[in-house]
Amino acid sequence: MTANDVFPIEGGCTCRAVRYRMMTKPLFVHCCHCRWCQRETGASFALNAMIEADRVILQKGEPEIVDTPSNSGKGQKIARCPSCRIALWSNYGGAGDAVRFVRVGTLDEPDRLPPDIHIFTSSRQPWIVLPPDTPAVAEYYRSADYWPKESLDRRARLPSAR
Ligand SMILES: [Zn+2]
Ligand SMILES: [Zn+2]
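What comes next is a walk through the structure. (Residues numbered from 1 in each chain as written. Chains lettered and ligands numbered in written order. Predicted model: local features only at pLDDT ≥ 70, side-chain atom pairs only at ≥ 80, totals over all residues. Heavy atoms only, no water.)

## Side note on the sheet that holds strand E8 (residues 87-92)
Read across the sheet, seven strands follow the order E6-E7-E8-E9-E4-E3-E10 without closing on themselves; strand pairing throughout is mixed. The sheet is open, and its two edges are formed by strand E6 (64-68) and strand E10 (117-119), each paired on a single side. Each strand of the sheet is rotated relative to its neighbour by a mean of 30°, with strand direction disregarded. Bridge analysis of E6 against strand E7 (residues 76-80) gives five bridges, and the strand direction is antiparallel. The partner of Ile65 across the bridge, within E7, is Ala79. (Pairing = 2+ DSSP bridges. Helix = DSSP H or I, 4+ residues; strand = E, 2+ residues; numbered from the N terminus. Axes fitted to C-alpha atoms, helices over the stretch in contact; angles between N-to-C directions.)

As structure tokens, this is what we get:
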């Protein structure tokens with residue numbers, strides 16, 4: 001077992017009013033290069049760890065949920081600190097409330113969760129050099145093609161799974 005297998009790990013907002021604990025490793029980590037994520041982060045991509053909502057335990061504070069448009073058109077609910085407004089995670093229309101997309105940069109040790117896949121690379125900023133050993137797709141992908149079996153099994157157990 002390496003350090004990267006040790007959970008829970010902790011995270012929170014900048015003012016420390018909201019603190020949370022991620023109880024297990026996530027299902028999958030997206031590095032999304034779509035223009036929407038670029039605008040939301042004010043940078044070049046978003047790094048989101050997808051995990052079952054009940055595996056993210058609040059330790060302090062209560063995020064405020066902000067309805068925000070999304071690339072899919074189905075919208076997303078962004079959980080933000082009510083005081084410093086940092087975004088901690090999103091729930092997307094497609095995946096429902098059962099899966100949170102935790103913003104990896106809000107973890108105390110964000111280095112622990114590198115991307116499992118780069119998505120929407122067709123709109124990546126041209127100076128970004130993608131690592132050769134991580135899967136990358138021009139737009140989106142089928143989870144069955146890339147997720148480890150353990151994650152697919154976990155997702156199948158979700159109440160919203162079809
Ligand atoms: Zn805060
Ligand atoms: Zn995106």
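After that view, the rundown keeps rolling.
## With respect to the coordination of the zinc ion (ligand 1)
Taken together, Cys13 (SG), Cys15 (SG), Cys81 (SG) and Cys84 (SG) make up the protein donors of the zinc ion (ligand 1), found 2.3 Å from the metal. Positions of the donor residues of the zinc ion (ligand 1), expressed as sequence spacing, correspond to C-x1-C-x65-C-x2-C. With a gap of 71 residues between them, Cys13 in the loop between strand E1 (9-12) and strand E2 (19-22) and Cys84 in the loop between E7 and E8 connect regions that are remote in the sequence. (Donors = N, O, S within 2.8 Å, 3.2 Å for Na, K, Ca; no water.)

In short, geometric facts, not functional conclusions.
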